[in-house]
Amino acid sequence: WTWISAFFSELPGTAIRYSLKYSLHIAAFVAFLVATSRMQEQRAFYRLTYRFLALLAAFGVVEYFAPKLWIFTLLRSPDSLAVYPRVSSLMQGPNQYSALLSIGVLWGILSHHNRWINHLEFGLATALLLGASSLAGSWNGWLMLFLGIILALLYRIITLKRVASIVAPLALASLLFPFFA
């Protein structure tokens, strides 16, 4: 129905672009559901989710260096570059992007604690997630991350040494990359 409406709308070019964009989102979601429904082991599902969040973070880093890349113009709203140099990757805005990346870091902490992912995967993905979160420049995302870290400390999922190894790179990346314009 959206495709038929797009062809007969007042602005068919814009309508077709948005129909394509949202059809890709739906197709990706259905593909994710199909791929995960066949998984016998929950650990594989957790790793897939964590890797997806790391991939989303990688898109944010790529966006910082090449904001007008074709995939970003295809998959996000036209006014998303209005907040540049803050990145939003394939999402609509930097605030929700940073919040999702903060959830990714916390998911990584939990996954590493439960031995669902190894040290190397945790280290690389966490560095990517923290770097992209600093590029997003969202105080909401950082607040979520710090509240999650406090909860992880209270539940003894993480140590103070690990907290320092997470907070220090975020602070360093936030100082190195300019995102307030």
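Look a little higher up for the structure.
Residues numbered from 1 in each chain as written. Predicted model: local features only at pLDDT ≥ 70, side-chain atom pairs only at ≥ 80, totals over all residues. Heavy atoms only, no water.

Engineer: Teacher, can you tell me more about the overall build of the protein chain here?
Structural biologist: Along its length, the protein chain carries 8 helices and 0 strands. Each helix (α) and strand (β) of the protein chain, taken in turn from the N terminus, gives the series α-α-α-α-α-α-α-α. The buried share of the protein chain, reckoned over its 181 residues, is 38%. Nonlocal contacts in the protein chain, meaning residues at least 24 apart in sequence, comprise 65% of its contacts between residues at least 6 apart. Counting every atom, the protein chain has about 10,800 Å² of accessible surface; 72% of that belongs to carbon and sulfur. (Helix = DSSP H or I, 4+ residues; strand = E, 2+ residues; numbered from the N terminus. Buried < 20%, exposed > 50% of the residue type's maximum accessible area, 1.4 Å probe, protein only. Contact = heavy atoms within 4.5 Å. Areas by Shrake-Rupley, 256 points an atom, 1.4 Å probe, with all protein chains shown as cover.)

Engineer: Hey, could you run me through the side chain of S138 in this one?
Structural biologist: Mapped onto the elements of the fold, S138 is located in the loop between α6 (119-136) and α7 (139-154). Classification of S138 by relative accessible area gives buried; the value is 0%. Contacts of S138, omitting those with residues within four sequence positions, involve R86, P94, N95, S98 and S133.

Engineer: Any chance you could explain α7 here in plain terms?
Structural biologist: Note on helix geometry: an α-helix contains 3.6 residues per turn, so any two residues three or four positions apart are oriented the same way. With 16 residues, α7 extends 22 Å from end C-alpha to end C-alpha; this agrees with the ideal 22 Å at 1.5 Å per step. Among the residues of α7, G141, W142, L145, G148, I149 and A152 are the ones counted as buried. Seen from one end, α7 has its buried residues packed into an arc of 125°, which puts them on one side. α7 presents W139 and L154 as exposed residues on the side facing more than 90 degrees away from its buried surface. Once α7 finishes, R156 follows within two positions and takes phi at roughly 60°, a positive value. (Expected span 1.5 Å × (residues − 1). Arc of directions from axis to C-beta.)

Engineer: I'm lost on the packing of helix α5 (residues 94-113) against α7 in this one. Help?
Structural biologist: Each pair of packed helices can be described by the angle between their axes along with the distance between the axes. Close contact between α5 and α7 brings their axes to 7 Å; oriented N to C, the two are set at 20°. By the criterion of interaxial angle, the relationship of α5 to α7 is roughly parallel. Crossing geometry of α5 relative to α7 is assigned as right-handed. Where α5 abuts α7, its residues N95, S98, A99, S102, I103, V105, L106 and I109 lie against N140, G141, W142, M144, L145, G148 and I149. (Axes fitted to C-alpha atoms, helices over the stretch in contact; angles between N-to-C directions. Parallel < 35°, antiparallel > 145°, perpendicular 65-115°, else oblique. Left-handed = near helix turned anticlockwise from the far one by under 90°.)

Engineer: Looking at this structure, I do not really get unusual backbone geometry. What am I missing?
Structural biologist: Excluding glycine, most residues fall at negative phi; most peptide bonds, likewise, are trans. The backbone phi angle of R115 is positive, close to 65°, even though this residue is not glycine. Positive phi, close to 60°, is recorded for R156, a residue that is not glycine. Note on placement: R156 falls in the loop between α7 and α8 (160-176). Of the residues examined, R156 reaches a relative accessible area of 73% and is grouped as exposed.

Engineer: How should I be thinking about α6 in this particular structure?
Structural biologist: For α6, built from 18 residues, the straight-helix expectation of 26 Å at 1.5 Å per residue is met to within 8% by its first-to-last C-alpha distance of 25 Å. Listed in full, the buried residues belonging to α6 are E121, F122, A125, T126, L129, L130, G131, A132, S133, S134, L135 and A136. Sitting at the head of α6, N118 places a side-chain oxygen 3.4 Å from the backbone nitrogen of L120. Of the residues trailing α6, G137 is marked for its positive phi of about 65°. (Polar contact = N/O pair within 3.5 Å; in protein donor to acceptor, adjacent residues only side chain to side chain.)

Engineer: In this structure, what is going on with a nonpolar patch on the surface? I would like to understand it.
Structural biologist: Among the surface-exposed residues, L143, L147, I150, L151, L154 and Y155 lie close enough to one another that they form a single nonpolar patch of about 680 Å² accessible area. Relative to the elements of secondary structure, L151 occurs in helix α7. Looking at L151, the relative accessible area reads 47%, which means it is partly exposed. (Patch = residues over 30% accessible without salt bridge, like charges linked within 9 Å, V, L, I, M, F, W, Y side chains within 5 Å. Salt bridge = Lys/Arg side-chain N within 4 Å of Asp/Glu carboxyl O.)

None of this, on its own, says anything about what the molecule does.
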